[in-house]
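In case you want the letters, here they are:
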Amino acid sequence: MSTAALDRQIRPIYDALDTGSNKSAIVACNKLLKKHPKNELVKALKALALVRSQKVEESLVLCDEVLEEKPTSDAVLTAMMHVLRGLGRHNDMVTMFEEAYKQQPTNEELGVQTFFANVRANHWKSAQQIATRMHKQFQEDRYLYWSVISSVLQAKDASTPKTMRTILYKLAHRMITSSPTPPYLNADRFHLHLSILSELELFDEARKLLDSEVGRNICATSLSCNEVRRELWKRQGLVREEGERAEKLIKEKGDRNWLEFLAVLDATFDCLVISPTDVAPTTLEDAKKECATRVQETRVLFTRVAEEDGSKDRSGLLALLELEKRARDHGVSEEPTRLVDLMERYFNEIGDKVCCFEDLKPYTLLGSDEHCRWIAFLERVPSMFSSIDGLRRFINAYKFLRHSLTSSEITADTESARVALYAKKYMEALPLGSDLPTTELQPADDLVLLAGNTFISLWKLTEDDNNLFKAASLLEFALTKSKQSFLVRLMLIRVYRLLGAPSLALEHYRAMHVKQVQHDTLSHLILSRASTFSLAAMGDLTLATECLESTQIYLSNSQETGDFVVRAFTGEKYSQIPQFILFEDRLENSLQRDTVKVEHLRMRLTHEPITSDIIDMELIELKFIFDRTHHDNRDFDILPSYQPRISPNLNELTLLLGRPEGHGWLSTFLQVYIRAFQQSSDLDDTVEEKLLIGDRPKQTADYDRHLSLRERLCEQNEEYLKTLTSDELAFVHYARALADWLEPYHDYTRPPPAAVLAEAAKQTELKTGHPLKGIDIPPNGASHGQKKDEEPPAVRDPPELVVKHFEKLKMRFEEVQSKSPVDVLHVATLAQEAYLLFIIESLRFKPASVVKVNKLGGLVSSFKCIRTGAISVLKEISSELIKRADFEGTSEGPKCFIGLEELDPDFVLGLSKKVIDARKKVFEGVGKGLGRITATYAS
Amino acid sequence: MSVLRPFKASDMFKFNNINLDIWTETYGIGFYLSYLSRWPDLCCVQEAPTGRMMGYVLGKAEGSNAEWHGHVTALTVAPEYRRLSLARRMMALLEMVSDEIYKGFFVDLFVRCTNTVAIDMYEGLGYSVYRRVREYYGSLGIGKGGRDEEDAFDMRKPLSRDPNRRSVRPNGREMIVSAHDV
Ligand SMILES: CC(C)(COP(=O)(O)OP(=O)(O)OC[C@H]1O[C@@H](n2cnc3c(N)ncnc32)[C@H](O)[C@@H]1OP(=O)(O)O)[C@@H](O)C(=O)NCCC(=O)NCCS
């Protein structure tokens, strides 16, 4: 067949792939392969279709075949690039392109692709070498710059030793100065050049660039170049020069960037910044005098700005405040009343803007006389308001007053009085916004948020859930008036979770339309410790699905962000490349991502049958996670906290179970599950290495490399354990005791790696028709029941911590009955989890043959006791929960909630019913789920 | 009082107080990265001294010949920081870069016909309606808004390269085009 004819037959395969019809693509490939069994392109396309239909093993076979041929054709390379990305094999991709480029060293496009393959795999050193070679050969400037930034990126890479960094920057510097074209051809090249000079502290050279006409122009129009310039001057200690420059901009150009004001402020106090050791007291006095003069001058400047701008721009006024504060801190202020004067002035001018509170907050730590004066001033702000501006002033005054409360002023009585006042004022203020379109936020919303904060504080003081309910009813009412207020929703989410009504929290979360990257920063609202509320055990996968949906973003990140790094190279946007890489890393290694992963695992185990497949898969994933350094991207600042300065903030007050979830929580739960899975699994490291398909992710975690994984799993970090609830801590101790006890029996019984591999190879061959590559099956195919040379370890009685665990849980369950529904559910779900962990740990010893061959009859009979005890406790908890569900809302049940007088009683009653129904649902669901688990794992 | 600085990829972790507002859309990460990988100088952020994000603008440069221009893709300020001239400052920067670096003839943008706050603001900044674009936006999903909600005004402001103001016209509100013509 002619190539044209073959091309014609290949086109439909591409079409099928483009439209996602992978099946028909495979069929078409098979047909063509019959006639052209050696055609690389068809093989590559088939491999692609297979990857996309999740037939990974089959794809691997073809993939390896094509790679062995060392392809060079553009079409094959492109197809293979997608295959290898689908398989997560970036290292193979690098090799493939490097081989091709070696064969066709004059092919520039291949050079570029090879460079990008290294970029995607973060192989900066090879990337740099390739770019250098390409620059020599093709004489294009941008290759030189690629090589420069590759060195910079290598220097920035966490795996590069510190001592290497300067050397790499020096290399980058040597290369960039060898460029035949001047650096200021475009802002991004200039930026790169400057950052290298800054890193190497080559100030004179930087100065030359910056002082040139072009250099100055670039900094005037490019914020990012100007940022590096600022950094450079700071490093060089040119504080005064920077101040003068900034002053000119403020005066002559009307620049109001706060950074310029900060520069002027820094310069004003620069004469005091001398190391105190080498200065005699007299010179210090002189310095202070000089400083005082400078403060005067700066005050003149800022005063003029403030007068010019009026309330149009708050920079001048705020700069005056900052000036006074710093003058006080340095002991050069001569006017004791000036700070409060300025605060009052600021309030008078800017008090009608929402941000006034945030702006002035840093200045409100005052001496007692000033404090009294400030409070008196705030109390005089009229509480009658006829305009929205007046209302905002009033709200700001309330926020400051609340913020400055002292501990003696925060009692149940005073907080009750306050909350009544906030609610009353809210109702009075509502009409002011009644004409606004429904898309607008209501100006009175902040009063409700103040009230909500206060109810929560009252709840902490009294432990009476009714305060939470009151908060909910007022907030729900506010939402009917201000439909788009996400701040009200955020508070409701926290309140409903505390009330044990997770389904209502979820409704509000969904109404906020959290999407894309927001999943990473906000899903904690609904998913932190979500297994407490999970109904997965009885088949309701709502929360489990929410977990999966929130993790889509990580997939997008791994699929897309690399492309944009490549695009930034193509477009020579060097300033962006390090930032994109940082962003990719923060998402890839997100704390929330892996916290949700663990939470989802906990739900999954209640829902799916526990088998060695699940255990093996999860084990590998969890181990990767355990080797990561995590970034905490969660957004807690979004919660509208209007709590007194001396109190915990809203986030801290409303954490589920009162404990934060973070690195410690994640690490501890990873230890528990990895240890249990590792014991239960037949995979050891050598087997895992052979079975692994994609590249091994980088180990970025910071730990002592001398420690073995087992040692790391057994490490106890007291700080971490402190972040757990007492019930979680008991669970962790139990898990540890269980694992310590069973470890020798697992180790003894686990089949040798060769046997495990042989079994895996057999399975693969059955599935794909091809043997597993690189594995020789031993002739006699070692089996599970093989005889061992050593005697089995002596059977020991189970440790106290294990035996007594479920009994203790029963007592604990009774104890928390009087507490919040969340506590009840927490104990119940942890009891369930403890039992499932036991199932995981004992799975290996289920087959009678295993027990017999390994002489573990004694061990297994102690299992029976534990199981019987556990099941009886779980059953009891289950029926208690179901009873409690029935009880909720009946006349003997907990009293109906009491809402606020101001609200329509029907509205309150309706909401009370909703909360009770939501609680009923979760009690019943968790109760029945537990029942199911006891039935599934009855023996 | 705010810090004006370049938009950085990791600002996506911080923009919730701005993006949870219904007038502001949150796109896939590729959207932001594609702007940053091509027009980083047309993307900037206003930040409070506390580090909290207050608002941002994302723009691009496009068109050919006399249609070469700067475009405002997204301009937004968090509700609590409105009416502090932040939008005005960010627009000034975008116009300056469109003029001096990209040498465009004008700056343009699309805005929902219902978004009167924004339209008034743009008019105050020297923009005028060039044409009305049918069904440019999807529904906001918040009830009646009808045609005005889904239609957009294409608004323009000439830059120094267009001293004769050829890129604008007086009766733009009556010039109606459909979405695939733009
Ligand atoms: C439109 C928006 C960006 C304005 O931001 P802003 O920082 O508040 O605007 P500025 O303070 O710079 O206002 C500049 C001028 O616009 C006008 N303006 C802005 N908001 C106004 C309002 N709510 N009512 C009346 N005039 C208004 C005023 O003339 C103002 O000058 P002034 O304060 O000196 O009177 C902001 O409201 C917003 O983010 N809205 C949601 C997103 C959006 O609609 N973006 C535009 C889509 S194309």
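Just so we're clear, the structure is a prediction, and the values are computed from it rather than from any experiment.

## Observations concerning the overall build of chain B
- From N to C terminus, chain B includes 5 helices and 8 strands.
- The C-alpha radius of gyration computed for chain B amounts to 16 Å, which stays within 12% of the reference 16 Å derived for 182 residues, consistent with globular compactness.
- Across its three principal axes, chain B shows a C-alpha extent of roughly 45 × 45 × 30 Å.
- Across the 182 residues that make up chain B, the buried fraction comes to 59%.
- The long-range share in chain B, meaning contacts at least 24 apart out of those at least 6 apart in sequence, stands at 66%.
- Looking at chain B, you have 24 positive and 23 negative side-chain charges, and the mean spots of the two groups are 3 Å apart.

## Let's talk about the nonpolar core
- Core analysis: the largest hydrophobic core is formed by 194 residues, its most contacted members being Trp374(A), Tyr496(A), Tyr673(A), Phe731(A) and Tyr835(A).
- Top contributing element to this core by residue count: helix α44 (residues 821-842) of chain A, with 14 residues.
- For Tyr835(A), the residues in contact, after removing those within four places along its chain, are Phe806(A), Arg867(A), Ala870(A), Ile871(A), Leu874(A), Ile933(A) and Tyr937(A).
- In this structure, Leu200(A), Phe564(A), Phe580(A) and Leu84(B) belong to the second largest nonpolar core, which totals 134 residues.

## A closer look at the domain arrangement of chain B
All names here are of chain B.
- By domain assignment, chain B separates into domain 1 (1-81) and domain 2 (105-182).
- Counting residues at the interface gives 11 residues for domain 1, matched by 15 residues for domain 2.
- Between domain 1 and domain 2, the buried area comes to about 1000 Å², and carbon and sulfur atoms account for 62% of it.
- Our count for the contact surface shared by domain 1 and domain 2 stands at 1 salt bridge.
- Glu67 is paired through a salt bridge with Arg156; the nearest N and O atoms lie 3.5 Å apart.
- Here domain 1 is connected to domain 2 by 7 residue pairs in polar contact (both at pLDDT 80 or more).
- A class-by-class count of the residues in the side of domain 1 that touches domain 2 yields 6 nonpolar, 4 polar and 1 charged.

## A short note on the site of the ligand
- Residues in close proximity to the ligand total 18 residues, the closest being Lys312(A), Val77(B), Arg83(B), Ser85(B) and Asn115(B).
- One chain alone does not account for the residues near the ligand; they come from chains A and B.
- Val77(B) places a polar main-chain atom, nitrogen or oxygen, 2.7 Å from an oxygen atom of the ligand.
- Separating an oxygen atom of the ligand from a backbone N or O atom of Leu84(B) is a distance of 3.2 Å.
- Relative to its free-state accessible area of 910 Å², the ligand is covered by the protein chains to the extent of 79%.
- Secondary-structure elements contributing two or more residues to the shell around the ligand are β4 (69-77), α3 (86-100) and α4 (116-124) of chain B.
- A total of 4 residues in the shell around the ligand trace back to one element, the largest contributor, which is α4(B).
- When its residues are assigned to classes, the shell around the ligand shows 11 nonpolar, 3 polar and 4 charged.

## As for the side chain of Asp635(A)
- Checked against the element boundaries, Asp635(A) lands in the loop between α34 (612-626) and α35 (650-653).
- No salt bridge is formed by the buried Asp635(A); its nearest oppositely charged neighbour, Arg52(B), is found at 6.4 Å.
- Of note is the side chain of Asp635(A), whose polar atom sits 3.1 Å from the backbone nitrogen of Ile638(A).
- The residues touching Asp635(A), leaving out its near neighbours within four places in the chain, are Thr521(A), Leu522(A), His524(A) and Asn16(B).

## Digging into the interface of chain A and chain B
- Between chain A and chain B, the residue contacts involve 53 residues of the former and 53 residues of the latter.
- Interface of chain A and chain B: buried area, both sides summed, is about 4600 Å²; carbon and sulfur atoms make up 64% of it.
- Applying the counting criterion to the chain A and chain B interface returns 4 salt bridges.
- Residues Lys515(A) and Glu25(B) are paired through a salt bridge, measuring 2.9 Å at the closest nitrogen-oxygen approach.
- Counting across the chain A and chain B interface gives 14 residue pairs in polar contact (both at pLDDT 80 or more).
- Looking at the side of chain A that touches chain B, the elements that each hand over two or more residues are α13 (213-221), α14 (223-236), α16 (258-268), α18 (315-329), α20 (356-360), α28 (518-522), α31 (552-570) and α32 (577-588) of chain A.

## Quick word on helix α26 (residues 486-498) of chain A
All names here are of chain A.
- Look at α26: 19 Å from first C-alpha to last across 13 residues, which is about the 18 Å you get at 1.5 Å a residue.
- Burial analysis of α26 places 12 of its 13 residues in the buried class, the great majority of the element.
- All of the buried residues along α26 are Phe486, Val488, Arg489, Leu490, Met491, Leu492, Ile493, Arg494, Val495, Tyr496, Arg497 and Leu498.
- Just downstream of α26, Gly500 is the residue with a positive phi angle, here 75 degrees.

## A short note on the pairing of strand β2 (residues 43-47) of chain B
All names here are of chain B.
- Burial of β2 is extensive: 5 of the 5 residues sit out of reach of the surface.
- Of the two faces of β2, the one carrying Cys43, Val45 and Glu47 and the one carrying Cys44 and Gln46 are both buried.
- Where β2 lies against strand β3 (residues 53-62), 5 bridges are found, and the strand directions are antiparallel. In the strand pairing of β3, Val45 is matched with Tyr56.

## Concerning the packing of helix α22 (residues 388-403) of chain A against helix α23 (residues 412-429) of chain A
Residues and elements named next belong to chain A.
- Relative to each other, α22 and α23 sit at 170 degrees, their axes nearing to 12 Å. It follows that α22 is roughly antiparallel to α23 by the angle criterion. Along its contact with α22, which presents Leu391, Phe394, Tyr398 and Arg402, the element α23 presents Glu415, Arg418, Leu421, Tyr422, Lys425 and Ala429.
- The residue inventory of the contact of α22 with α23, partitioned by class, reads 6 nonpolar, no polar and 4 charged.

## A word on the packing of aromatic side chains
Residues and elements named next belong to chain A.
- Inspection of the entire model under this criterion finds 46 aromatic pairs over all chains.
- Ring plane angle 55 degrees and centroid distance 6.4 Å describe the contact between Phe116 and Phe569, whose orientation is recorded as tilted. Here Phe116 is found in helix α7 (residues 108-120), whereas its partner Phe569 is found in helix α31, with 453 residues between them in sequence.
- Residue classification places Phe116 among the buried residues on the basis of a relative accessible area of 8%.

## Overview of the domain arrangement of chain A
Residues and elements named next belong to chain A.
- Taken domain by domain, chain A comprises domain 1 (518-527 + 540-720) and domain 2 (725-764 + 793-939).
- Centre-to-centre separation of domain 1 and domain 2, based on C-alpha positions: 24 Å.
- Between domain 1 and domain 2, the contact holds 37 residues from the first and 34 residues from the second.
- Summed over both sides, the interface of domain 1 with domain 2 buries roughly 2800 Å², with 61% coming from carbon and sulfur.
- Looking at the side of domain 1 facing domain 2, the largest losses of area belong to Ile610, Leu657 and Gln679, adding up to 24% of the total buried there.
- Our count for the domain 1 to domain 2 interface comes out at 5 salt bridges.
- Taking the shortest distance from any N to any O, the salt bridge between Glu833 and Arg602 comes out at 2.7 Å.
- At the boundary of domain 1 with domain 2, the tally comes to 18 residue pairs in polar contact (both at pLDDT 80 or more).
- At 12 residues, helix α36 (residues 663-680) tops the list of elements feeding residues into the side of domain 1 that touches domain 2.
- Each residue belonging to the side of domain 1 that touches domain 2 can be placed in one class, and the counts come to 16 nonpolar, 11 polar and 10 charged.

Reading guide: rules and limits
Residues numbered from 1 in each chain as written. Chains lettered and ligands numbered in written order. Predicted model: local features only at pLDDT ≥ 70, side-chain atom pairs only at ≥ 80, totals over all residues. Heavy atoms only, no water. Helix = DSSP H or I, 4+ residues; strand = E, 2+ residues; numbered from the N terminus. Rg over C-alpha atoms; globule rule 2.2 N^0.38 Å. Buried < 20%, exposed > 50% of the residue type's maximum accessible area, 1.4 Å probe, protein only. Contact = heavy atoms within 4.5 Å. Lys, Arg positive; Asp, Glu negative; His and termini not counted. Charge placed at Lys NZ, Arg CZ, Asp CG, Glu CD. Core = buried A, V, L, I, M, F, W, Y, C linked by side-chain atoms within 4.5 Å. Domains from an automatic or database assignment. Buried area = accessible area lost by both parts, 1.4 Å probe. Salt bridge = Lys/Arg side-chain N within 4 Å of Asp/Glu carboxyl O. Polar contact = N/O pair within 3.5 Å; in protein donor to acceptor, adjacent residues only side chain to side chain. Nonpolar A, V, L, I, M, F, W, Y, C, P; charged D, E, K, R; others polar. Near = heavy atom within 4 Å. Areas by Shrake-Rupley, 256 points an atom, 1.4 Å probe, with all protein chains shown as cover. Expected span 1.5 Å × (residues − 1). Pairing = 2+ DSSP bridges. Axes fitted to C-alpha atoms, helices over the stretch in contact; angles between N-to-C directions. Parallel < 35°, antiparallel > 145°, perpendicular 65-115°, else oblique. Phe/Tyr/Trp six-rings, centres within 6.5 Å; stacked < 30°, edge-to-face > 60°.

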